[in-house]
Amino acid sequence: MSVDQHLQALTKVVVNNLENQHDWTQVQTHNQDNLPRPLLYGLAPKRLYVHPDEQIEIIKAEKELNERIPQEPELEWVLPLHLAEKWSISDFSAVFDAITAIPPGGESVNANEDAQWQLWRGRKRGKRILLATVQDDSTVTYYWMHNGLVKPRQN
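Residues numbered from 1 in each chain as written. Predicted model: local features only at pLDDT ≥ 70, side-chain atom pairs only at ≥ 80, totals over all residues. Heavy atoms only, no water.

- Per an unreviewed UniProt entry, the protein chain goes by the name tRNA-splicing endonuclease subunit Sen15 and belongs to Pseudoneurospora amorphoporcata.
- Recorded under Sequence similarities (unreviewed entry), the UniProt text for the protein chain is reproduced unchanged: "Belongs to the SEN15 family." (UniProt positions renumbered as here; feature names shortened; annotations may be inferred.)

In structure tokens form, the structure reads like this:
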């Protein structure tokens, strides 16, 4: 199997898993000359990740407003990988260098600069990728990878 066929098959498995097992919508393949392989991006049925600092800002805003702030899902990057592949830090770094923090079409249009918690959906959002690791039996396991350090979440 050629490298292109391998990547197409891997991508197909991950797209199928996202759409049919996890109810993602708007799943698209993203190709760029400076990417080592195609990425995916799409919209999960619910919000998958909240940065710890954003979580604090949301709690403060909810106290001030005396109401719950809805956490709408947002577009996320997905990197399909096979378990047997060997990736180095420089390989992952090349992916992070090639992407923007927010996938195409995911830019926040109603960001209120006064609401600090909303900035985390725009200019404060760090680069992150959902690694989709495919095993030989087509099981897909997902892990978050961030560009840089992220402090632990407060539970």
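Some words on the overall build of the protein chain
Here is step 1: Tallying secondary structure elements over the protein chain gives three helices and five strands in all.
Here is step 2: Order of helices (α) and strands (β) in the protein chain, N terminus to C terminus: α-β-β-α-β-α-β-β.
Here is step 3: Out of the 155 residues in the protein chain, the part that is buried amounts to 39%.
Here is step 4: Contacts in the protein chain between residues at least 24 apart in sequence constitute 66% of all its contacts with a sequence separation of at least 6.
Here is step 5: Carbon and sulfur atoms make up 49% of the accessible area of the protein chain, which amounts to about 9,600 Å² in all. (Helix = DSSP H or I, 4+ residues; strand = E, 2+ residues; numbered from the N terminus. Buried < 20%, exposed > 50% of the residue type's maximum accessible area, 1.4 Å probe, protein only. Contact = heavy atoms within 4.5 Å. Areas by Shrake-Rupley, 256 points an atom, 1.4 Å probe, with all protein chains shown as cover.)

Re the pattern of salt bridges
Here is step 1: As enumerated under the stated definition, the model contains four salt bridges in all.
Here is step 2: A salt bridge links glutamate 74 to arginine 47; the nearest nitrogen and oxygen atoms lie 2.9 Å apart. Of the two residues, glutamate 74 sits in the loop between helix 2 (52-65) and strand 3 (75-82) while arginine 47 sits in the loop between strand 2 (39-43) and helix 2, which places them 27 residues apart along the sequence. For the pair shown, glutamate 74 and arginine 47 are each scored as buried. (Salt bridge = Lys/Arg side-chain N within 4 Å of Asp/Glu carboxyl O.)

Some thoughts on the nonpolar core
Here is step 1: With 15 residues, the main nonpolar core has Leu35, Leu39, Trp77, Leu79, Ile99, Ile129 and Leu131 as its most contacted residues.
Here is step 2: Of all the secondary structure elements, the ones that give two or more residues to this core are strand 2, strand 3, helix 3 (89-98) and strand 4 (128-134).
Here is step 3: For leucine 131, the residues in contact, after removing those within four places along its chain, are Leu79, Leu81, Phe92, Thr141, Tyr142, Tyr143 and Met145.
Here is step 4: In terms of nonpolar packing, the next biggest core, distinct from the first, is built from 13 residues, Leu10, Leu40, Ala44 and Val140 among them. (Core = buried A, V, L, I, M, F, W, Y, C linked by side-chain atoms within 4.5 Å.)

Quick look at helix 1 (residues 3-21)
Here is step 1: Here helix 1 is 19 residues long and its end C-alpha atoms lie 26 Å apart, about the 27 Å a rise of 1.5 Å per residue gives.
Here is step 2: All buried positions along helix 1 are accounted for by Leu7, Leu10, Thr11, Val14, Val15, Asn17 and Leu18. Here the buried residues of helix 1 occupy an arc of 160° about the axis, which is enough to place them on one side. Exposed side of helix 1, more than 90 degrees from the buried face: Gln8, Lys12, Asn20 and Gln21 are the residues found there.
Here is step 3: Packing partners of the buried residues in helix 1 comprise strand 1 (25-30), strand 2, strand 3, strand 4 and strand 5 (140-146). (Expected span 1.5 Å × (residues − 1). Arc of directions from axis to C-beta.)

Let's talk about unusual backbone geometry
Here is step 1: Positive phi, close to 55°, is recorded for glutamine 26, a residue that is not glycine.
Here is step 2: Structurally, glutamine 26 can be placed in strand 1.
Here is step 3: At asparagine 66, a position not held by glycine, the phi torsion is positive, near 60°.
Here is step 4: One can find asparagine 66 in the loop between helix 2 and strand 3.

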